[in-house]
Amino acid sequence: MSLTFHWFLPTYGDSRHVVGGGHGVPTGVPGAAGGRRPADLGYLTQIARAAEQLGFEGALTPTGAWCEDAWLTTAMLARETDRLKFLVAFRPGFVAPTLAAQMAATFQRHAPGRLLLNVVTGGESHEQRAYGDFLSKEERYARTGEFLDIVRSLWRGETVTRHGTHLRVEDARLTRLPDPVPPVYFGGSSEAAGEVAARHSDTYLTWGEPPDQVAGKIDWVRRLAAREGRTVRFGIRLHVIARDTSEEAWAEARRQLDGFSQDAITAVQAGLSRSESEGQRRMLALHGGSTDGLEISPNLWAGIGLVRGGAGTALVGSHTEVADRIVEYHRLGIDEFVMSGHPHVEEAYWFGEGVLPVLAKAGLWTHPAGPVAREGTETDAVPFAAGVGRGR
């Protein structure tokens, strides 16, 4: 099976420095002057077209008060691209389930087969309240389960009446069904998240923790899904800094770290420490707010998490080293990789022209559009044996 790679659309802005924010923390370029790129449609189109040309399957678009609306943005970008799919993050508490099911069907009709759904329950009560949502975290996960049960029933063409604890619909039905039904991506590290993932997710997403921690999550979700009589695919969300040599890649990581002022790190960490998200807590534990010892596993750098909520780790190294780490995660069971890097246009090309050809030579990746000539592209030697694949 070919690995699947997605890129990222920074709908909060981009820069040659790390743009922080998320999980209740305001966006900004911490401690660095200049270089800000507004997230206007022209710039996001550049990123989307680059991702499509390079062979990314789709692009994740975030959700929250810190960025532009994902549904509207991707609907516009679908007209500017031909093949790229959009992994649209949204929060069930903000949209009625019947309307969400209808929106997905409309998206699939106008951009056939190009919608992927990233269901985000929401880990910050103070941000949820700004949208009129006053449920607790546990209640939000229970509502997400009810929401997905209704939506999936509607997508099957059923007439749905549900009187749940948090959601109620009567005689709901879609006049036109989505074709194909969009796959559901879901992440979360709490017990409540695992239960929802086991029952409803097609692909379970984890942030970029060290391999042993990722292996534990995969085993946990597999066991829960098996109890439901289901199997689940697995994906991972990572930043990346890939260069022709390891020295160049780590020099870029140091440049980014030098752009973080201590005041910015302190302020962001104080904000993130109030997060209710178990996944965010695990991200913070990887670096402890310190700029020392940030390579927490070979080629896995926790520096991004000093100034950014959510995914806070990056694969850093030569093209071959980064490919090696991807293979390592794949052997654990990861089949999909959601990548990003600052700035997102340039880093898409570093990864797409450097790392993806290494994986292609190893037989682990093929361009979604078919064989593509990459004239003039140089890659490192492939260190894997032929037929390397998932270990379990």
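For the structure itself, consult the block above.
Residues numbered from 1 in each chain as written. Predicted model: local features only at pLDDT ≥ 70, side-chain atom pairs only at ≥ 80, totals over all residues. Heavy atoms only, no water.

1. Some points on the pattern of salt bridges
Thinking step 1. Under the defined criterion, the tally for this structure stands at 19 salt bridges.
Thinking step 2. For Glu276, the salt bridge identified is with Arg140, shortest N-O distance 3.2 Å. Taken together, the residues span a long stretch of sequence, with Glu276 in the loop between α9 (262–272) and α10 (278–287) and Arg140 in helix α5 (residues 137–155) at a distance of 136 residues.
Thinking step 3. Looking at Glu276, the relative accessible area reads 33%, which means it is partly exposed.
Thinking step 4. A salt bridge links Glu278 to Arg281; its shortest N-O distance comes to 2.5 Å. Taken together, the residues Glu278 and Arg281, both in helix α10 and three residues apart, mark about one turn of the helix.
Thinking step 5. Look at Glu278 and you get partly exposed, because its relative accessible area is 23%.
Thinking step 6. Through salt bridges with shared partners, one network takes in Arg16, Arg37 and Glu346. (Salt bridge = Lys/Arg side-chain N within 4 Å of Asp/Glu carboxyl O. Helix = DSSP H or I, 4+ residues; strand = E, 2+ residues; numbered from the N terminus. Buried < 20%, exposed > 50% of the residue type's maximum accessible area, 1.4 Å probe, protein only.)

2. Focus: the environment of Gln269
Thinking step 1. Here Gln269 is to be found in helix α9.
Thinking step 2. When the C-alpha atoms of Gln269 and Gly305 are compared, they prove to be 8.8 Å apart, with 36 residues separating the residues in sequence.

3. Let's talk about the packing of helix α1 (residues 41–54) against helix α12 (residues 344–361)
Thinking step 1. For the pair α1 and α12, interaxial distance at closest approach is 9 Å and the crossing angle is 5°. In this view, α1 runs roughly parallel relative to α12, as classed from their interaxial angle. Residues Tyr43, Gln46, Ile47, Ala50, Gln53 and Leu54 of α1 touch α12, and the partners they reach there are His344, Val345, Ala348, Tyr349, Gly352, Glu353 and Leu356.
Thinking step 2. Of the residues belonging to the contact of α1 with α12, the class tally is eight nonpolar, four polar and one charged. (Axes fitted to C-alpha atoms, helices over the stretch in contact; angles between N-to-C directions. Parallel < 35°, antiparallel > 145°, perpendicular 65-115°, else oblique. Contact = heavy atoms within 4.5 Å. Nonpolar A, V, L, I, M, F, W, Y, C, P; charged D, E, K, R; others polar.)

4. Overview of a nonpolar patch on the surface
Thinking step 1. Together, Leu41, Leu72 and Met76 make up an exposed nonpolar region whose accessible area comes to about 290 Å².
Thinking step 2. You can see Met76 is positioned in helix α2 (residues 70–78). (Patch = residues over 30% accessible without salt bridge, like charges linked within 9 Å, V, L, I, M, F, W, Y side chains within 5 Å. Areas by Shrake-Rupley, 256 points an atom, 1.4 Å probe, with all protein chains shown as cover.)

5. Some remarks on the packing of aromatic side chains
Thinking step 1. Going through the model one piece at a time under the given rule, you end up with 13 aromatic pairs.
Thinking step 2. Arranged with centres 5.1 Å apart and planes meeting at 45°, the rings of Trp7 and Phe56 form a pair that is tilted. Of the two residues, Trp7 is situated in strand β1 (residues 4–8) and Phe56 in the loop between α1 and β4 (58–61); the sequence distance between them amounts to 49 residues.
Thinking step 3. A residue is classified by how much of its surface remains accessible, and Phe56, at 0% relative accessible area, is buried.
Thinking step 4. Ring centres of Phe56 and Phe351 lie 5.9 Å apart, and the angle between their planes is 25°; on these two criteria the pair is classed as stacked. With Phe56 in the loop between α1 and β4 and Phe351 in helix α12, this residue pair connects regions lying 295 residues apart in the sequence.
Thinking step 5. Taking the relative accessible area as the measure of exposure, Phe351 reaches 0% and is therefore buried.
Thinking step 6. Taken together through their ring pairs, the aromatic side chains of Phe5, Trp7, Phe56, Phe337 and Phe351 make up a single cluster. (Phe/Tyr/Trp six-rings, centres within 6.5 Å; stacked < 30°, edge-to-face > 60°.)

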